[in-house]
Amino acid sequence: MKKIIIAIAAACTFTACDIERLPSTSLPAETITSDPGASLDALLNGSYAQMKNWADVMHRCGEYAGDNIMIRGSSTDAFYEFISYSRTPNNSRLQNFWDYSYKTIAQTSNIMTMVPEGQGPEIDTKLGECYFLRGLMYFYLCRVYGRPYYQSPETNLGVPIVNGTPADMLNLSLPDRSTVKETYEQAIGDLKKAADMLIDNRGPGYASKEAAWAILSRIYLYMSGTWEKPNTEYARLSVEYADKVINSGTYKLLDRATFMKYNTLIPENNSESIFVVRRVSSEYTGSQFTTGIGGMYASIGGRGYGEMYASAKYIALLDETGRNDWYNGNLVDARAAFVEPQYQVNKQPVFRFIKNVYDASGKQTNFNYVQADVVVNGNTATCTEGENTYTLTPVDVEQGIWSIKYEDGNTYTGYTDQFIRLNRVYPMFYIVKCSREGEESHLHSPVISRLAEVYLNKAEAAAKTGDYAKALEALNIIRERSLPGKGYTALTAADAERLIEKERTLELAFQAERSFDVYRNGRSLTRLYPGPHLAMDEIQPTDFRVIFFIPQNAINAYAGKLTQNPTSN
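Bear in mind the structure is a predicted one, so any value in this text is a computation, not a measurement. (Residues numbered from 1 in each chain as written. Predicted model: local features only at pLDDT ≥ 70, side-chain atom pairs only at ≥ 80, totals over all residues. Heavy atoms only, no water.)

J.: Can you walk me through the overall build of the protein in this structure?
T.: Scanning the protein from N- to C-terminus turns up 18 helices and 19 strands. Seen along its three principal axes, the alpha-carbon backbone of the protein occupies a region of about 85 × 50 × 45 Å. The buried share of the protein, taken over its 569 residues, is 60%. Intrachain contacts of the protein at a sequence separation of at least 6 include 68% that bridge at least 24 residues. Only carbon and sulfur atoms are counted for the fraction: they give 48% of the accessible area of the protein, which is about 21,800 Å². Counting 57 positive and 65 negative side-chain charges, the protein places the centres of these two groups 1 Å from one another. (Helix = DSSP H or I, 4+ residues; strand = E, 2+ residues; numbered from the N terminus. Buried < 20%, exposed > 50% of the residue type's maximum accessible area, 1.4 Å probe, protein only. Contact = heavy atoms within 4.5 Å. Areas by Shrake-Rupley, 256 points an atom, 1.4 Å probe, with all protein chains shown as cover. Lys, Arg positive; Asp, Glu negative; His and termini not counted. Charge placed at Lys NZ, Arg CZ, Asp CG, Glu CD.)

Next up, the structure:
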């Protein structure tokens with residue numbers, strides 16, 4: 001009986017050494033045509049299953065390349081290249097990202113080919129899910145392997161557009177990479193088609209009309225240019241699709257107290273989640289609880305390495321409106337609830353600050369934390385580090401903020417606090433935003449889109465069109481949820497970028513957005529905080545390291561020319 005290769009045969013042409021290797025999730029043609037509804041359910045479940053492996057690397061390459069996190073030390077794991085910016089074409093994790101992206105594209109494309117539209121709303125809705133997943137994959141592939149949209153999208157390369165298993169598998173001749181513009185057009189076309197076809201909303205674990213609108217809002221934001229040179233038409237479209245989601249009434253922002261437990265809610269009970277890669281505990285193995293996304297950020301109940309922490313830069317941003325006192329449970333910014341410093345009990349209180357680190361020639365090379373024993377008596381305080389005792393200068397005694405004239409001649413500002421346990425030399429600021437779903441250690445359904453991001457998309461896009469009143473309204477909805485009564489009083493051309501970027505950074509931290517947000521707006525990324533990364537390095541948006549190399553195995557196995565990204569500027 002003739003088999004129709006629905007699940008992933010095209011991916012074999014990208015990465016497999018043996019082109020005869022076929023997937024096990026195939027269905028007979030007769031089954032598909034005789035009972036398309038049941039067949040679609042099975043095949044769609046396979047497509048969603050691909051994303052469960054895809055989402056792990058998607059998160060790491062987006063978040064680790066940003067400035068929200070630090071790692072306790074260098075690692076031999078392939079993900080360390082995302083942090084160190086030491087790009088290579090032989091990265092096993094990026095290989096997985098490529099493979100699972102194209103497996104999803106192949107499977108959904110083959111479903112579209114085999115099952116005609118117009119057989120009824122049930123079938124058309126499921127086909128709409130296929131269009132959504134394929135459009136999503138092309139967008140995410142392009143932002144990893146293609147340069148930011150504002151940088152000549154007509155000539156810069158995106159990814160190959162190969163929609164489905166080629167008819168002639170023995171004489172393959174696949175196209176080279178399409179341009180960034182063409183790849184975005186493919187993604188937009190698929191997502192618009194999805195929005196037109198999708199009727200039922202089965203919850204955040206599945207594609208929906210609103211999920212398609214949410215991703216379209218983000219794509220048009222990515223296309224909206226820089227702050228200095230915005231593309232107002234694409235910005236207008238970003239606002240338009242954001243409003244479609246908001247005005248649908250399908251989603252509702254969580255109140256402050258519930259939002260502070262966002263990570264613990266299962267997606268179906270979270271009114272803010274639009275689309276997530278749904279995970280359940282029965283799918284998790286012991287290693288996934290340990291080495292998965294959440295397990296790298298924290299150790300909970302004996303599970304997880306807990307080797308990556310919130311960066312000092314992110315902590316400072318959380319404290320900008322008022323100090324978050326984790327030890328005493330006084331959190332000013334609701335988003336501080338997703339960070340949990342690991343205090344050591346029965347220790348002398350400390351004055352914690354960050355100092356500069358210099359090499360033998362006097363050149364600054366890094367930063368490091370200092371936790372010096374402190375004694376506070378009213379408006380006076382002294383701290384001791386080794387044999388040195390320092391008298392501190394009060395900055396804000398009520399908040400425990402002081403400054404120190406340090407032995408290197410610099411004056412630093414820090415906090416009095418309890419001692420935070422160290423991993424090597426770094427205080428452990430655990431991140432729990434990717435853990436505790438359903439209160440189960442590191443169970444986590446990676447968030448692709450949620451309502452808060454849609455409001456932030458609207459704020460930035462409206463500001464780029466010059467409508468600062470609309471931008472301010474959308475921005476303050478998100479800010480005041482986390483900081484009641486602290487909404488911005490005005491938004492102007494002079495401060496719109498700074499304020500919107502700040503709220504976007506705070507709100508979307510640990511959701512794989514930060515590095516892409518920096519570069520798409522033509523900004524450089526600096527990580528001037530402690531960690532083993534190159535702390536003094538400034539990565540420009542035009543740097544070749546902003547994007548990743550196409551996996552070399554994919555190039556070697558490709559049936560045709562597959563152009564690699566540049567290896568230098």
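J.: Explain helix α9 (residues 232-248) here, please?
T.: Each α-helix turn comprises 3.6 residues. Residues three or four places apart therefore point the same way. Across its 17 residues, α9 extends 24 Å between first and last C-alpha, which sits within 8% of the 24 Å expected from 1.5 Å per residue. The complete set of buried residues in α9 reads A235, L237, S238, V239, Y241, A242, D243, V245 and I246. The inward-facing, buried residues of α9 abut α7 (180-197), α8 (209-222), β4 (273-276), α14 (451-464) and α15 (468-482). Two or three places before E233, at the start of α9, stands the capping residue N231, its side-chain oxygen 3.2 Å from that residue's backbone nitrogen. Among the residues trailing α9, G249 stands out with phi positive, at a value near 75°. (Expected span 1.5 Å × (residues − 1). Polar contact = N/O pair within 3.5 Å; in protein donor to acceptor, adjacent residues only side chain to side chain.)

J.: Would you take a moment to explain the environment of Y85 for this structure?
T.: With respect to the helices and strands, Y85 occurs in the loop between α4 (80-84) and α5 (92-114). Residues Y85 and H533 lie 448 residues apart in sequence; the distance between their C-alpha atoms is 8.7 Å. Once you skip the residues sitting within four places of it in the chain, Y85 turns out to touch A65, Y519, L525, R527, I539 and R545.

J.: Before we go on, may I ask you to explain the packing of aromatic side chains in this structure?
T.: Aromatic ring pairs are described here by two measures, namely the spacing of the ring centres and the angle between the planes. Applying the stated rule across the entire model yields 32 aromatic pairs. Where Y220 meets Y241, the ring centres are 5.9 Å apart and the plane angle is 15°; that geometry is what we call stacked. Of the two residues, Y220 sits in helix α8 while Y241 sits in helix α9, which places them 21 residues apart along the sequence. Owing to a relative accessible area of 4%, Y220 belongs among the buried residues under this scheme. Over the face of the ring belonging to F259 we find R481, whose NZ or CZ atom lies 3.7 Å from the ring centre. (Phe/Tyr/Trp six-rings, centres within 6.5 Å; stacked < 30°, edge-to-face > 60°. Lys NZ or Arg CZ within 6 Å of the ring centre and 35° of its normal.)

J.: So what exactly am I meant to see when it comes to the nonpolar core here?
T.: The tendency in soluble globular proteins is for nonpolar side chains to be buried side by side. Counting 151 residues, the largest nonpolar core has W54, F132 and Y145 as its most contacted members. When residues of this core are assigned to their parent elements, the largest contribution, 15 residues, is made by helix α6 (residues 121-145). Aside from chain neighbours lying at most four places away, what touches W54 is F97, Y100, S101, M137, Y140, V277 and I448. By size, the runner-up hydrophobic cluster in this structure holds 13 residues, among which are C383, Y390, I404 and Y406. (Core = buried A, V, L, I, M, F, W, Y, C linked by side-chain atoms within 4.5 Å.)

J.: What's the story with the sheet that holds strand β9 (residues 380-385) in this structure? I'm lost.
T.: With antiparallel pairing, the 7 strands of this open sheet are ordered in space as β10-β9-β8-β7-β13-β12-β11. Single-partner strands in this sheet number two, and they are β10 (388-391) and β11 (393-396). The mean angle between the axes of side-by-side strands here comes to 35°, regardless of whether they run parallel or antiparallel. Sheet topology note: the strand β7 (residues 350-358)/strand β13 (residues 411-417) ladder contains 3 bridges and is antiparallel. Each bridged residue has a counterpart across the sheet, and for V350 the counterpart in β13 is D417. (Pairing = 2+ DSSP bridges. Axes fitted to C-alpha atoms, helices over the stretch in contact; angles between N-to-C directions.)

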